[in-house]
Amino acid sequence: MAKATQNQTPRIAIAIMAAGKGTRLKSKHPKVLHEVGGKPLLAHVIAAATKVVPAKDVYAIVGHEAELVRKTVAGTGIGFVLQEPQRGTGHALMVSGDALSVYDVVIVLSGDAPLITPETIKRLRDFHLSRKAAMTLLTAQLTIPTGYGRVLRKGSSDDVKAIVEEKSATTAQRKIHEINSGFYAFDVNALFGNIGKLSTANPHAEYYLTDMAAVLSKGKARVVAVKTGNPHEILGSNTRGELSQIDQHMRAAKCQKLMAEGVTIFYPQTCVVDNDVQVGADTVIEPFVQILGNTKIGSDSVVRSYSVIRDSDIGDGVTIRPGSILDQATVKSRAVIGPYSHLRPGSEIGEGAHVGNFVETKKIKLGKGSKANHLTYLGDAEIGEGVNIGAGTITCNYDGKNKFKTVIEDGVFIGSDSTLVAPVTVGKGAYVAAASCITEDVAADSLAVGRVRQTVKEGWAKRKRELLASKK
């Protein structure tokens, strides 16, 4: 076991408990993959942990649906330890010995407590090192401590005698408001030198990490506690109600942060803004807006009510009118979107372009200053600058098996109710007459008319009505 000398910085690992089923959530999915603030519970904890130590020194202890958990957070670069079967929190560290024994200190976090901050993790680390303790507990003072294990200190000191679970607590112990958070720091030698002393003599026949406090105290090793200043940080997500409360807390904090940075959010209680969203100063977000995933919005933009934006990049001075849906789209500065536009993945809307009422786009590039304002579908298309797309235009990009591309070059005018059957190119400056079906390329500066010449049969309607009347 590699140990730091007095002059060396101790090697620190973080272990995240992520093996549970989440039985009280009444879900078949892994507990730590339930989402708050727009991403899985575990992802929030990992994000905090990797601001304290490098990702290579963070380990998620997985069990239930282990491969799904690994796959979901694989991009974070952390390590994994498999706990199979799951026999309690103490057992989770028992099976982690090979990974953790090369460190000097291990910090244990809960994968279902997404509000934990890097600052609190650092405080736990620094307090543990300063006290030269075998075990340090992160505790919290709760007004209503019901359901939590109580921390029994030695008088008013930092030292801890034991943690007593509520169901085992005496009447006097239940009056204690300092609770155990489930977050710990351990001296690795002390941990693995004593973890074998844990017992399964409890109703669930599991090894509980909380029992390490009593085990170490009996062995004359020092166990101490440090209290968090923000009890919200340690709250877990054991029920759907608790998930909802944490999500609300997280989103409210996100809106407050954005407003402090210069964003106007009218009626933030109605807005759903994910944790990783970025918004520039002087942008206005109206009520009942959802901004999700890794969306970035520039400065001086306006997002009007009932719009939903996910994983999109929005420039400066953009107006998104009511009821628009953007998913993995890019919108350049000063563009106008909506109302009721649907930008599907791969849509790139150029500077100053307009996408209007009931227009749907998918995998397109719409050039600078181009407009598609009404009742139009544009898919698999490259559209140049200064193009006007008339109402009811459709790019026919799919033949039932393959998809094909439409190219509309700069300055083209597409008349209303036109269909462009891909693959097809409309050259620079060309016109397409209204109601045309275009199946062949159109040369630059040409007029394409793809419709049957109109004929008028005088008196036809009158004769039709007379014929119908005669049959009654």
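Residues numbered from 1 in each chain as written. Predicted model: local features only at pLDDT ≥ 70, side-chain atom pairs only at ≥ 80, totals over all residues. Heavy atoms only, no water.

To continue, consider the overall build of the chain. Scanning the chain for helices and strands turns up 10 helices and 39 strands. For the chain, whose C-alpha radius of gyration is 31 Å, the value lies well above the compact-globule estimate of 23 Å for 472 residues. Overall size of the chain, expressed as C-alpha extent along the three principal axes, is 105 × 65 × 45 Å. In the chain, 41% of the contacts between residues at least 6 apart in sequence involve partners at least 24 apart. For the chain, the exposed area adds up to about 22900 Å²; of that, 51% sits on carbon and sulfur atoms. Within the chain, one finds 59 positive and 46 negative side-chain charges whose respective centroids are separated by 5 Å. (Helix = DSSP H or I, 4+ residues; strand = E, 2+ residues; numbered from the N terminus. Rg over C-alpha atoms; globule rule 2.2 N^0.38 Å. Contact = heavy atoms within 4.5 Å. Areas by Shrake-Rupley, 256 points an atom, 1.4 Å probe, with all protein chains shown as cover. Lys, Arg positive; Asp, Glu negative; His and termini not counted. Charge placed at Lys NZ, Arg CZ, Asp CG, Glu CD.)

A separate point is unusual backbone geometry. Geometrically, the link from Gly338 to Pro339 is a cis peptide bond, its omega value of 5° lying close to zero. Within the secondary structure, Pro339 is located in the loop between strand S24 (336–337) and strand S25 (342–343). In this chain, Ala422 is followed by Pro423 through a cis amide linkage whose omega measures 0°. Inspection of the secondary structure assignment puts Pro423 in the loop between strand S35 (419–421) and strand S36 (424–426). Of note in this structure, Asp282 is not a glycine but carries a positive phi near 70°. Checked against the element boundaries, Asp282 lands in the loop between strand S14 (278–279) and strand S15 (284–285).

Moving on, we get to the pairing of strand S10 (residues 178–187). For S10, the buried fraction is high: 9 of the 10 residues fall into the buried class. Bridge count between strand S6 (residues 105–110) and S10: 4 bridges; the pairing is antiparallel. From the neighbouring strand, Ile107 faces S10, where its bridge partner is Ala185. Where strand S7 (residues 135–141) lies against S10, 7 bridges are found, and the strand directions are antiparallel. Residue pairing across strands places Gln141 opposite Glu178, the latter belonging to S10. (Buried < 20%, exposed > 50% of the residue type's maximum accessible area, 1.4 Å probe, protein only. Pairing = 2+ DSSP bridges.)

Per the counting criterion, the structure on display carries 17 salt bridges. Here Asp126 and Arg125 are joined by a salt bridge, their closest N and O atoms 2.8 Å apart. Taking relative accessible area as the criterion, Arg125 reaches 19% and is therefore assigned buried. Asp274 is paired through a salt bridge with Arg251; the nearest N and O atoms lie 2.6 Å apart. Of this pair, Asp274 sits in the loop between strand S13 (272–273) and S14 while Arg251 sits in helix H9 (residues 240–260), and the two are 23 residues apart along the sequence. The two residues Asp274 and Arg251 agree in class, both being buried. One network of salt bridges, with partners in common, ties together Asp247, Arg251 and Asp274. (Salt bridge = Lys/Arg side-chain N within 4 Å of Asp/Glu carboxyl O.)

Interpretation note: all reported values are geometric properties and have no functional meaning in isolation.
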